[in-house]
Each structure stands twice: as C-alpha cells, then as structure tokens.
Amino acid sequence: MFAEFFPLLIKRISAHLNPPNLQKFAGNCQAPPEMASIVSETVPKFTAEALKSAAKQSERCHIVPLRLRRAIKKYLREQEEPHMKRKVLGLSESFSQIKEVNLMLPTSTSKELVEDPLKSVECSQRWKIKSAYGDIGLKYREDETMAYVASRMPAVYSALYRVLSEVRRRLPGFSPAKVLDFGAGTGSAFWALREVWPRSLNRINLVEPSQSMQRAGQSLIKGLKNLPLIQSYGSIQALSQDVKKSDRQHDLVIASYVLGEIPSLKDRITVVRQLWELTGDVLVLVEPGTPQGSNIISQMRSHILWMEKRRSRKLEDASGKECKALTTLKNGAYIVAPCPHDGRCPLDNTGKYCHFVQRLQRTTSQRAYKRSKGKPLRGFEDEKFCFIAFRRGQRPREPWPLDGMKFETLKEQHARRNPEDLEIDYEDQFISEDEDVQDEDPVSYDSDVTETDAITENDDWEEEGEETAHANLGSGWGRIIYNPLRRGKRVEMDICRSMDREGTEGSFDRIVITKSKNPTLHHQARRSVWGDLWPF
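Residues numbered from 1 in each chain as written. Predicted model: local features only at pLDDT ≥ 70, side-chain atom pairs only at ≥ 80, totals over all residues. Heavy atoms only, no water.

Chemist: Please clarify how the overall build of the protein chain should be interpreted in this entry.
Modeler: Counting its secondary structure elements, the protein chain contains 17 helices and twelve strands. Looking at the 536 residues of the protein chain, the share that counts as buried comes to 47%. With an accessible surface of roughly 29,300 Å², the protein chain has 51% of that area assigned to carbon and sulfur atoms. (Helix = DSSP H or I, 4+ residues; strand = E, 2+ residues; numbered from the N terminus. Buried < 20%, exposed > 50% of the residue type's maximum accessible area, 1.4 Å probe, protein only. Areas by Shrake-Rupley, 256 points an atom, 1.4 Å probe, with all protein chains shown as cover.)

Structure follows, in structure tokens:
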C-alpha cells in the first residue's frame with residue numbers, strides 16, 4: 001500500500017514546489033513589517049566589552065602635546081616681560097568682573113528673550129548688534145594676551161580637545177574640511193582641531209577682534225608644517241563681506257569661552273544666530289564650567305531648538321509653495337552632546353547646573369606664573385567647562401544599546417561556575433628565579449622634562465585610530481552628571497536621560513546598580529566617571 005501511495009505523494013509535492021507556487025509559499029512565510037522591526041531591535045548590538053568602549057567619553061588626565069608646550073615656552077621667552085605673575089592675577093580679576101556683569105542680567109528678561117525673541121525686539125532691529133564683539137568685554141591688550149597664553153591657554157585647549165574628541169567619536173563619519181572659529185583668541189581651538197582631525201582640514205576662518213591675540217596666535221604656529229589655509233577677520237561682518245554667500249557655510253563652527261565676554265543677552269543671541277546661519281553641519285559652543293557659563297549654554301540651547309522648530313512649522317505650512325529661503329539648509333536641529341534628548345533641560349530650576357571637568361598636567365609656564373594660596377602648586381589642575389554640540393537635521397531613530405541584551409545575576413553566574421576553575425595552582429603564585437622582574441615607570445607630572453625648541457620631523461600630526469564601537473546618536477545613551485557614588489557593592493549615578501525613543505523629553509534621575517542583580521553593568525558602573533555615557 002505504501003508503494004502505491006509514495007509516487008502520488010512525490011507528484012503532489014513537485015507540483016506545489018514549481019516557481020510560481022514556491023514564490024507564493026515564500027511570500028506567505030514572511031513576517032509582517034512590525035514583527036520584523038521587533039526582531040531586528042531585539043538582536044543584541046553590543047557585547048559587554050563593546051558597551052564599555054562606546055560609553056567611555058572622558059579622559060583621566062590630559063597631557064598637553066609637546067609641540068604646543070614648546071610653542072608657548074618659545075613665545076613667552078621672546079616677549080621677555082617682567083611681572084608676569086602680576087599680569088596673570090590681573091587677568092583672573094578681569095574674568096571675575098565678567099561673572100559679576102552676567103549675574104546682573106534680569107532672569108525674567110532672559111527667559112522671555114530666549115523663548116521668543118520676537119516679543120522683545122522690533123523686526124527692523126532683530127538681529128543687528130548694537131555693540132560689536134570686541135567693543136565690549138575684554139579687549140585683551142598685550143599684557144593680558146601674554147598672561148592668557150601663560151596661564152589659560154593649556155587649560156582651554158584641554159577642554160576643547162575633550163569636546164571635539166567626543167564629537168569625533170559620536171560622529172565617526174564626520175571630518176570637517178572648512179571650519180569657523182569665532183572668538184579664536186590665541187588659537188586654542190585650532191590646536192585641538194589639528195589633534196582631532198589632522199588630515200581633513202583645508203580652510204580655517206578665524207574671527208578675533210583683538211590684534212594682540214591674532215599676533216600671539218600667528219607666533220605660536222610659526223614653523224608648523226602642512227597647515228591649512230588660515231584667514232583672520234575682526235568680526236563676522238568682515239567675514240561676510242569678504243566671502244561669497246555661496247561659500248559662507250562651514251562644516252564646523254566653534255565658539256569657545258567667548259559668549260560670556262558679551263554682557264548683553266540680546267547680543268549673545270544675535271551672535272549665536274549668525275553663527276548658526278554660517279553652520280552647514282555642526283555647531284559647538286563651550287563656556288566655563290560655572291553657573292553663569294551653564295546658564296549661557298542653556299539659553300542658547302533653548303533658542304536654537306526653538307528657532308528650528310519654528311522654522312519646521314513654517315516649512316510644513318509652505319509645503320505646497322516655493323520657499324527657497326527655508327529650504328537651503330537641512331531642516332531641524334538636534335543635540336549631539338552632551339544631552340541625550342532635545343527636550344527641556346531637566347536641571348532647570350533645580351539649583352544644579354550641567355558642567356564637566358577635564359584634568360590636565362600643568363605646563364612649565366603654568367607652574368611658573370600661577371599662584372597658590374600658601375600651599376605648594378599641584379602638578380595638575382581641573383578645568384571645568386560647559387558645552388553643547390548641535391547638528392542640522394533630525395535625530396536618527398536607532399535601537400537602544402541594551403535592546404536584546406540579557407544579563408545574568410550574580411547567583412546565576414555562581415551556579416554555572418566550573419569547579420575546576422576554582423582550584424588554585426600554588427606554583428603560579430611565586431615568581432621563578434629565571435623570570436626577570438621589570439619595574440613600572442613611576443608617574444610624573446613634570447610634562448616638560450624633554451622639551452626642546454627645535455621642531456623635528458616626527459612632529460607631524462597623526463590620525464587617531466577608529467573606535468571599534470561607538471555610541472550612536474539615538475536617545476538610548478544617558479549622560480553621567482557629577483561623580484558616581486561607590487558604596488560597597490552598589491554604585492549610585494546621577495544620569496540625564498531621554499524618556500522616549502524620539503528624544504523629545506528628558507529627565508534627571510539617580511539610578512542604583514547592584515552587583516547581585518547585574519554584575520556586568522556593576523563592573524562597568526564602577527569604572528564609569530563624570531561625563532561618561534550610560535546605556536539604556
């Protein structure tokens with residue numbers, strides 16, 4: 001009976017597996033789109049080691065490059081100015097006066113102007129600066145410029161290097177060729193750019209009204225090889241007059257430690273709007289890590305996001321009409337760093353402020369000219385800073401880093417241990433006589449021991465290696481604010497995070513990671529520091 005049934009079965013199977021029926025069968029077996037998206041999102045994207053690498057954004061102690069330390073030392077030697085310590089102290093007092101001016105700005109007026117500047121300024125005078133940058137704030141005479149190079153430039157460089165390095169890690173395909181540095185000063189941002197993107201820079205436009213600052217910057221880069229085309233301007237207006245309208249867009253625009261020197265909030269918003277119009281891709285703002293600096297960054301953050309949302313609404317209203325003025329640039333804006341979302345800052349009206357710290361080894365000039373209050377000067381200093389990096393476009397929708405990842409509890413890890421792994425080989429605990437013991441190099445903060453004035457052939461900038469894993473721009477990466485608290489087998493962290501996958505709303509929460517519930521994340525939390533990312 002089976003011999004008679006078998007040929008019939010083969011015939012029916014072959015009839016159903018001809019090409020038309022086979023395509024129909026394959027089409028019926030495909031998962032629905034919503035199920036496919038769920039399956040793709042549940043596949044783990046990171047391993048435990050890749051998570052640690054992607055979340056790491058901070059640097060323990062930065063060493064100022066030897067080429068910059070050489071340039072500063074040579075510049076100060078050529079000046080031969082006496083009473084440098086007195087000049088450094090005078091510069092510090094000038095910075096304190098600027099802080100006092102910022103505190104005098106009315107809070108109510110600031111809030112109204114940031115949220116809707118059209119209510120406070122007439123249309124005819126909306127974006128015209130009454131007092132140009134350089135006519136207000138610090139004028140930077142020759143003595144102040146020398147004091148700045150000796151005491152402040154290494155710290156400002158270290159903070160900018162930390163910020164631009166994170167931009168490079170978060171945007172691995174971003175290599176700026178044309179850069180605008182507003183408030184360039186003595187060129188701290190230029191030196192950081194050359195360290196982070198040494199091969200991609202073609203042209204750098206500098207805006208700096210102080211002639212002494214311009215001369216100092218030119219003196220510091222004298223003798224360097226393979227420099228991009230550098231052009232200096234005294235104001236944004238001079239830049240706009242000299243450059244064609246089609247060539248005014250820059251891949252990267254930087255404004256560092258400059259907005260606080262403009263004591264008018266209206267002028268600040270005017271300047272930032274002009275800088276945003278000159279930005280083709282990324283805009284970076286950096287200010288000192290003080291409550292006043294954080295307030296400036298928060299105001300500019302609110303204004304740019306409000307401005308782009310308003311522009312997006314106009315584009316939607318004019319979707320059926322021709323509107324060339326609104327379609328020349330990418331629509332929208334989102335924050336690359338440090339915020340994981342584009343909503344209202346959750347630290348507003350909490351008494352806390354968002355800032356970060358970069359430790360650096362002091363250079364010989366800093367150790368020579370900085371004063372200490374009756375105590376020996378440390379070999380390092382901590383530079384506190386606030387920053388924000390915008391990018392044109394819409395925030396990408398990407399899976400969260402912990403999607404699909406499964407972590408064992410400590411009890412489960414103990415249960416699957418191999419008894420043989422617990423055996424101790426006592427012979428390996430002792431060093432044999434045939435093995436040589438090598439002493440580790442002691443840590444030294446004297447970073448200028450090998451300094452020479454000569455520029456050698458090995459001083460060319462080299463591109464850093466690409467990261468094997470990087471944190472994407474989705475909303476699944478939170479930011480660790482302040483130092484984590486390590487208490488026994490638990491770690492407590494204050495984290496700014498996104499509440500949704502679109503990144504439209506954020507929150508500031510304290511999370512607790514225990515070793516018993518998740519030893520893998522606990523191990524990562526114990527090694528996380530202020531400024532690192534945290535996966536969700």
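That was the structure; now back to the text.
Chemist: Looking at this structure, I do not really get the environment of Arg69. What am I missing?
Modeler: Take Arg69: it is sitting in helix α5 (residues 66–79). Accessibility expressed as a relative area gives 8% for Arg69, which makes it buried. Each C-alpha atom of the pair Arg69 and Pro154 lies 8.1 Å from the other, and the pair is 85 residues apart in sequence.

Chemist: Is there a simple way to explain the packing of aromatic side chains in this structure?
Modeler: Aromatic rings considered in pairs are described by the distance between their centres and by the relative angle of their planes. Going through the model one piece at a time under the given rule, you end up with nine aromatic pairs. Ring geometry for Phe190 against Trp191: centres 6.4 Å apart, planes inclined by 80°, an arrangement best described as edge-to-face. Neither Phe190 nor Trp191 differs from the other in exposure class; each is buried. Relative to Phe385, the ring of Phe356 lies with its centre 6.2 Å away and its plane at 40°, an arrangement referred to as tilted. (Phe/Tyr/Trp six-rings, centres within 6.5 Å; stacked < 30°, edge-to-face > 60°.)

Chemist: Quick question: what am I supposed to make of unusual backbone geometry here?
Modeler: Note: most residues except glycine have negative phi, and most peptide bonds are trans. Omega for the bond connecting Ala337 with Pro338 falls within 30 degrees of zero, at 0°, which places this linkage in the cis form. With respect to the element layout, Pro338 can be found in the loop between β6 (333–337) and β7 (356–361). Backbone geometry at Asn226 places phi at a positive 55°, although glycine is not the residue there. Take Asn226: it is sitting in the loop between α11 (211–220) and β3 (229–233). Even without glycine at this site, Tyr482 takes up a positive phi of about 75°.

Chemist: I'm lost on the environment of Glu308 in this one. Help?
Modeler: Inspection of the secondary structure puts Glu308 in helix α14 (residues 291–317). C-alpha of Glu308 to C-alpha of Ala333: the two residues are 25 residues apart in sequence and 6.2 Å apart in space. Apart from the residues lying within four places of it in its own chain, the contact partners of Glu308 are Trp276, Lys330, Asn331, Gly332, Ala333 and Arg392. (Contact = heavy atoms within 4.5 Å.)

Chemist: What am I meant to see in the pattern of salt bridges here?
Modeler: Close approach of charged atoms allows side chains with opposite charge to pair. Under the definition given, this model contains 18 salt bridges. Between Arg152 and Glu383 there is a salt bridge, and its shortest N-O distance comes to 3.0 Å. Residue Arg152 is located in the loop between α8 (142–151) and α9 (153–170), and its partner Glu383 is located in strand β8 (residues 380–392); the two are separated by 231 residues in the primary sequence. For the residue pair Arg152 and Glu383, the accessibility class agrees, reading buried in each case. Two residues, Glu492 and Arg490, come together in a salt bridge whose shortest N-O distance is 2.8 Å. Counted as one network, the salt bridges with shared partners bring together Arg487, Arg490, Glu492, Asp494 and Arg510. (Salt bridge = Lys/Arg side-chain N within 4 Å of Asp/Glu carboxyl O.)

Chemist: Honestly, α5 in this entry has me stumped. Any pointers?
Modeler: Given 3.6 residues per helical turn, the α-helix brings residues three or four places apart onto the same face. Given a rise of 1.5 Å per residue, 14 residues ought to cover 20 Å, and the 20 Å separating the end C-alpha atoms of α5 matches this to within 8%. For α5, the complete set of buried residues consists of Arg67, Leu68, Arg69, Arg70, Ala71, Ile72, Tyr75 and Leu76. (Expected span 1.5 Å × (residues − 1).)

Chemist: Please clarify how the packing of helix α13 (residues 265–277) against α14 should be interpreted in this entry.
Modeler: Helix packing geometry: the angle between the two helix axes and the distance between the axes. Where α13 meets α14, the closest approach of the two axes is 11 Å, and the angle between their N-to-C directions is 55°. The angle between α13 and α14 falls in the class oblique. Crossing of α13 against α14: the hand is right-handed. In this structure, α13 contributes Leu265, Arg268, Ile269, Val272, Arg273 and Trp276 to the contact, and α14 contributes Ile296, Gln299, Met300, His303, Ile304, Met307 and Glu308. (Axes fitted to C-alpha atoms, helices over the stretch in contact; angles between N-to-C directions. Parallel < 35°, antiparallel > 145°, perpendicular 65-115°, else oblique. Left-handed = near helix turned anticlockwise from the far one by under 90°.)

Chemist: What is the right way to read the sheet that holds strand β12 (residues 533–535) from this model?
Modeler: Sheets are built from strands that pair by backbone hydrogen bonding, the pairs being arranged parallel or antiparallel. Read from one edge to the other, the open sheet built from four strands follows the order β11-β10-β9-β12, with strand pairing classed as antiparallel. Looking at strand neighbours, the two that pair on one side only are β11 (506–514) and β12, the edges of this open sheet. Neighbour-to-neighbour, the strand axes of the sheet open up by a mean angle of 40°, direction not taken into account. Bridge analysis of strand β10 (residues 490–498) against β11 gives nine bridges, and the strand direction is antiparallel. Among the inter-strand pairings, Glu492 is bridged to a residue of β11, identified as Val512. (Pairing = 2+ DSSP bridges.)

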